[in-house]
Amino acid sequence: MYERRANELDSHVTPQFFDLWAFSGCTPADEIAVMNHGANPPKPSINPVGFKTNGRTDGLKLRRYHEAGYTIRLGNLQRVVPFLNSVSRQIQMETGYSNYLHAFLTPPGGQGLRHHWDQQMALIVQISGTKTWELWAPKFPNPMRNYAESTRVWNETWRHEWESHGPDHTIELEPGQTLLLPRGWVHNPHSRNASEDSIHLTFAIRERTHLWLAEKLTAKAIGRPEFRDLVIPPELQGDDLSSRLEDTRRMLVRFLASLDLSAEAEEIRLAALSELEYTT
């Protein structure tokens, strides 16, 4: 038997969360998305002009869209809600992973986003109501920004492919439950089985990679004069380019070999704890 236990999050993010932060007009309009992919056919997302008055978020307009079946997403709440900012910072201090978080309000029978995958790990926290998560194994291993993002490589035939053989997993999230969603896993979340509004938080967590470490190690190369030397146009073609690349590779190897890794480790550790996430 699943036992619902109250925790600190419950006292700050309640079923009335959207009354406080959306329908009051407190969240900046640029951080709000209004979507209805549960309609048949799916409806386009609403331009922010549609829920603004005098350039500011109009909570009454947002409420009307929600009552019409639209999902409301409040983005980057770590910038708006002090308690969630604290949670976000604690995650980063414990893991070295920067993160941001969104809140989703979906009416019964509704759906905000359809099949897609994300380029970062996500922690889903169900606040109220229920939500169904249909999951498929990754099509591309370990996607990242600028590598195999679903918005960049999308093929509409994949949706039919996934639907034809059904999800690999189906999870019904209830209040107080969480779902850890590794990057790359295809998900199709909806509230078709729900009898009341669903509210959940998504913590998007940017895992550090070896490429991230490599970028940090090479960043200081700009301080060496040889890396700032000009490459003239004729050297960017044919055999001259191959030769120039070989020279650059030797320079890079020498530069990396000269680094004091103990000192670099301390700087990179501080970067992991302080470098903030940004959203796509």
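Thresholds applied
Residues numbered from 1 in each chain as written. Predicted model: local features only at pLDDT ≥ 70, side-chain atom pairs only at ≥ 80, totals over all residues. Heavy atoms only, no water. Phe/Tyr/Trp six-rings, centres within 6.5 Å; stacked < 30°, edge-to-face > 60°. Helix = DSSP H or I, 4+ residues; strand = E, 2+ residues; numbered from the N terminus. Buried < 20%, exposed > 50% of the residue type's maximum accessible area, 1.4 Å probe, protein only. Contact = heavy atoms within 4.5 Å. Polar contact = N/O pair within 3.5 Å; in protein donor to acceptor, adjacent residues only side chain to side chain. Axes fitted to C-alpha atoms, helices over the stretch in contact; angles between N-to-C directions. Parallel < 35°, antiparallel > 145°, perpendicular 65-115°, else oblique. Left-handed = near helix turned anticlockwise from the far one by under 90°. Core = buried A, V, L, I, M, F, W, Y, C linked by side-chain atoms within 4.5 Å. Pairing = 2+ DSSP bridges. pLDDT = per-residue confidence, 0-100. Salt bridge = Lys/Arg side-chain N within 4 Å of Asp/Glu carboxyl O.

## Looking at the packing of aromatic side chains
Two aromatic rings are characterised by how far apart their centres lie and by the angle between their planes. All chains considered together, the criterion is met by 12 aromatic pairs. With a centroid separation of 6.3 Å and 50° between ring planes, the pair formed by W158 and W162 is classed as tilted. A residue pair is termed a helical-turn pair when its members lie 3 or 4 positions apart in one helix, as W158 and W162 do in helix α6 (residues 157–165) at 4 residues. Both residues of the pair, W158 and W162, belong to the buried class. Taken together, a centroid distance of 5.9 Å and an interplanar angle of 75° make the contact between F227 and F255 edge-to-face. A residue pair is termed long-range when its members are at least 10 positions apart, and F227 in helix α8 (residues 225–228) and F255 in helix α9 (residues 238–258) qualify at 28 residues. For F227, a relative accessible area of 24% translates into the label partly exposed.

## Here we look at the environment of G38
Structurally, G38 can be placed in the loop between β1 (32–35) and β2 (52–53). Between the alpha carbons of G38 and G69 there is a distance of 8.2 Å; along the sequence they are 31 residues apart.

## Re the environment of T218
Topologically, T218 is positioned in helix α7 (residues 210–218). Separated by 38 residues in sequence, T218 and L256 place their C-alpha atoms 7.4 Å apart. Among residues more than four places away in sequence, those in contact with T218 are L252, F255 and L256. Among the polar contacts listed, one links the side chain of T218 to the backbone oxygen of E215, at a separation of 3.3 Å.

## Thoughts on the side chain of H116
As for its position among the elements, H116 is in the loop between β5 (98–106) and β6 (121–128). Residue H116 is classed as buried on the basis of its relative accessible area, which comes to 15%. At 2.7 Å, the side chain of H116 and the backbone oxygen of R114 are in polar contact. Among residues more than four places away in sequence, those in contact with H116 are S150, W154, W185, V186 and H187.

## A closer look at the packing of helix α4 (residues 82–95) against helix α10 (residues 261–274)
Where α4 meets α10, the axes come as close as 8 Å, and the angle between the chain directions of the two elements is 155°. Classified by the interaxial angle, the pair formed by α4 and α10 is roughly antiparallel. Remark: the crossing between α4 and α10 carries right-handed chirality. Only A271, A272, L273 and S274 of α10 make contact with α4, whose side of the interface consists of R89, Q92 and M93.

## Focus on the nonpolar core
If you look at the biggest cluster of nonpolar residues, it comprises 32 residues, and the most contacted ones within it are F17, F18, L74, L84 and L201. Broken down by secondary-structure element, the contributors of at least two residues to this core are α2 (17–21), β1, β4 (71–74), α4, β5, β6 and β11 (198–206). Among the nonpolar cores identified, the runner-up in size contains 7 residues, and W133, L135, L173 and L181 belong to it.

## Quick word on the sheet that holds strand β8 (residues 169–173)
The strands making up a sheet associate through hydrogen bonds between their backbones, and the pairing can be parallel or antiparallel. Read from one edge of the open sheet, 3 strands run β8-β7-β10, paired in antiparallel fashion. Lying at the two open borders of the sheet, with one neighbouring strand each, are β8 and β10 (186–190). Taken pair by pair, the neighbouring strands of this sheet meet at an average axis angle of 20°, ignoring direction. Pairing analysis gives 5 bridges linking strand β7 (residues 131–136) to β8, with the strands arranged antiparallel. For K131, the partnering residue across the bridge sits in β8 and is L173. Against the sheet, α6 engages β7 and β10, with an angle of about 105° to β7.

## Quick word on the confidence of the model for the chain
Here the chain averages 93 in pLDDT, and 97% of its residues register 70 or above. The spread of mean pLDDT over the elements of the chain runs between helix α1 (residues 8–12), the lowest at 85, and β7, the highest at 98.

## A few points about the pattern of salt bridges
For side chains of opposite charge, pairing can occur when their charged atoms come near one another. Within the structure shown, the criterion is met by 19 salt bridges. Linking K220 and E264 is a salt bridge whose minimum nitrogen-to-oxygen distance equals 3.4 Å. Residue K220 is found in the loop between α7 and α8, and its partner E264 is found in helix α10; the two are separated by 44 residues along the sequence. The closest approach of N and O atoms between K220 and E267, which form a salt bridge, is 2.9 Å. Residue K220 is found in the loop between α7 and α8, and its partner E267 is found in helix α10; the two are separated by 47 residues along the sequence. Each of the salt bridges in this network shares a partner with another, and the network as a whole consists of E235, R244, E246, D247, R249 and R250.

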